[in-house]
Amino acid sequence: AATAPRIPPTRLALHHFDVSYSLQLKDLWPSVRASLLCEQKYGALLNNFSPVNHVTQELELLNATDFVSEALKKAQRSQRGAAAEEAGRGDSVSQEGSGEGRTVMQAETMTQAETSPPFHASISSNIKCYTFPRGDITRFRPARPDTLGLLNYYLMDAASLLPVLALNVQPDDFVLDLCAAPGGKTLALLQTGVCGHLAANDVSISRTKRLYQILNSYVPKEIRETVSVTSCDGRDWEQLEGGTFHKVGPLLQVLVDVPCTTDRHSVMEQDNNIFHRRRTKERQMLPMLQLQLLMAGILATKPGGEVVYSTCSLSPLQNEYVIERAIEIAETQFNINIRVEDLSHFRTLKLFQDTFSFFSDCRLGELVLPHLTANFGPMYFCKLR
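Under the annotation held in an unreviewed UniProt entry, the protein carries the name 5-cytosine rRNA methyltransferase NSUN4 and is attributed to Phoenicopterus ruber ruber. Listed under Sequence similarities (unreviewed entry) in UniProt, the entry text for the protein is "Belongs to the class I-like SAM-binding methyltransferase superfamily. RsmB/NOP family."

1. Focus: the pattern of salt bridges
Under the definition given, this model contains 17 salt bridges. Between Lys73 and Glu70 there is a salt bridge, with the nearest N and O atoms lying 3.4 Å from each other. Of the two residues, Lys73 and Glu70 are both situated in helix α4 (residues 67-96); the distance of three residues between them amounts to about one turn of the helix. The exposure class of Lys73 is partly exposed, given its relative accessible area of 41%. Overall, Glu70 belongs to the partly exposed group, its relative accessible area being 33%. The network of salt bridges with shared partners includes Glu306, Glu341, Lys383 and Arg385.

2. Considerations on the sheet that holds strand β4 (residues 153-156)
Through backbone hydrogen bonds, the strands of a sheet pair up, either in parallel or in antiparallel fashion. Judged by pairing direction, the sheet is antiparallel, and its four strands sit side by side in the order β2-β3-β1-β4 without closing on themselves. At either end of the open sheet lies a strand with only one pairing partner, and these are β2 (65-66) and β4. The sheet contact formed by strand β1 (residues 43-46) and strand β3 (residues 129-131) spans two bridges and is antiparallel. Bridge pairing in β3 places Leu45 opposite Cys129. Helix α7 (residues 184-191) rests against β1 and β4 of the sheet, and its axis sits at about 45 degrees to β1.

3. Section: α7
Since there are 3.6 residues in each turn of an α-helix, residues three or four apart along the chain are aligned in direction. Along α7, eight of the eight residues are buried, which leaves the element largely enclosed by surrounding structure. Among all positions of α7, only Gly184, Lys185, Thr186, Leu187, Ala188, Leu189, Leu190 and Gln191 are buried. Gly193 lies just past α7 and shows a positive phi near 75 degrees.

4. A word on the nonpolar core
Counting 48 residues, the largest nonpolar core has Phe67, Leu162, Leu189, Phe346, Phe352, Phe356 and Phe381 as the members making the most contacts within it. Going through the elements one at a time, α4, β4, α6 (161-167), α7, β6 (195-201), α8 (205-218), β7 (227-230) and β12 (379-384) are the ones with two or more residues in this core. In terms of residue count, α6 provides more of this core than any other element does, six residues in total. Ignoring sequence-local partners within four residues, the contact set of Phe356 consists of Phe67, Arg134, Ala158, Ala159, Leu162, Val368 and Phe376. Formed by 47 residues, the second largest nonpolar core is a distinct cluster that contains Trp29, Val254, Leu293 and Cys362.

5. Details of the sheet that holds strand β8 (residues 252-257)
Pairing is mixed across the open sheet formed by eight strands, whose spatial order is β7-β6-β5-β8-β9-β12-β11-β10. Strand pairing shows two members of the sheet lacking a second neighbour, β7 and β10 (357-358), which therefore form its edges. Alignment of β8 against strand β9 (residues 306-311), held across five bridges, turns out to be parallel. Of the residues in β9, the one forming a bridge with Gln253 is Glu306.

Thresholds applied
- Residues numbered from 1 in each chain as written.
- Predicted model: local features only at pLDDT ≥ 70, side-chain atom pairs only at ≥ 80, totals over all residues.
- Heavy atoms only, no water.
- UniProt positions renumbered as here; feature names shortened; annotations may be inferred.
- Salt bridge = Lys/Arg side-chain N within 4 Å of Asp/Glu carboxyl O.
- Helix = DSSP H or I, 4+ residues; strand = E, 2+ residues; numbered from the N terminus.
- Buried < 20%, exposed > 50% of the residue type's maximum accessible area, 1.4 Å probe, protein only.
- Pairing = 2+ DSSP bridges.
- Contact = heavy atoms within 4.5 Å.
- Axes fitted to C-alpha atoms, helices over the stretch in contact; angles between N-to-C directions.
- Core = buried A, V, L, I, M, F, W, Y, C linked by side-chain atoms within 4.5 Å.

Following this line, the structure appears as structure tokens:
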């Protein structure tokens with residue numbers, strides 16, 4: 001009997017995405033599809049442990065801008081504008097109202113002003129990442145070492161920084177990066193300069209070696225000593241490490257950047273492609289693995305802690321559905337009440353819309369869509385508290 005022709009995993013992936021994502025994204029899918037098949041865009045995460053002034057000047061001469069600081073400026077302007085608008089309403093109420101009615105209206109105005117979210121508070125001003133403008137496909141040159149041998153920036157998908165910014169690490173927080181390799185988000189967490197202690201874990205020993213390489217190339221020894229690197233199955237974190245780690249120090253912040261279909265890699269690269277036929281069962285079991293890892297992250301936190309879940313997939317089965325199921329299990333089986341934190345200001349206030357293209361119909365969390373003029377992502381992220 002003739003054997004069936006082998007279909008490359010990249011073609012299998014693209015066919016799978018054509019069927020599922022055309023239903024999800026509708027008219028947006030042709031553009032997203034074309035973007036996935038084009039060269040990815042990168043950002044340059046500055047290494048704060050290396051002298052950066054001359055690097056900043058070089059990048060700005062190339063017309064690159066720090067999208068994080070630009071977003072911070074927008075957030076502060078938006079906050080000032082909202083405060084001025086509320087103050088204007090208060091003045092209007094003072095002139096038009098009187099007696100008890102005026103008091104009630106002024107109280108309502110004050111409540112709105114006091115409870116409006118401090119949008120800039122969720123953006124670490126210490127993280128600096130340069131990107132080229134929309135439509136500019138200039139490539140960054142390879143990073144160069146400084147006099148101490150530390151590389152001056154790390155090239156990464158700039159959208160990968162958004163989960164780190166959403167986590168909003170506070171001074172002296174104990175932070176867990178549950179699926180840390182190859183290390184870009186771990187490095188970004190260290191760039192905040194505020195982690196009290198950072199645990200970076202990955203189940204893959206070979207990928208953990210890559211994580212060590214990143215730390216050695218970018219981070220001085222005294223800072224590396226504040227990082228615990230482990231190669232454990234993240235699903236068992238509470239039993240393996242949590243007994244000693246999460247009972248020490250302040251609130252634990254957890255980043256759960258789970259293994260996924262890695263959509264861009266799946267349509268572009270034959271090697272290590274999860275759509276290879278021999279990995280069919282592994283791919284089908286991904287949502288279960290992702291749920292187990294997210295639950296491990298949730299159980300590792302102290303009351304009041306925060307978890308950010310992220311993938312580099314467009315799939316609702318790996319994104320929103322995992323979040324919904326985790327919330328249900330946490331409540332019914334562990335009596336843990338979890339709420340999804342609103343991150344829509346990343347999108348609706350246009351903090352990052354000059355840099356990224358967001359999907360406006362994401363039910364929970366935020367989703368960056370690849371776009372030909374801003375070819376970052378895909379990147380899904382959702383914050384639980």
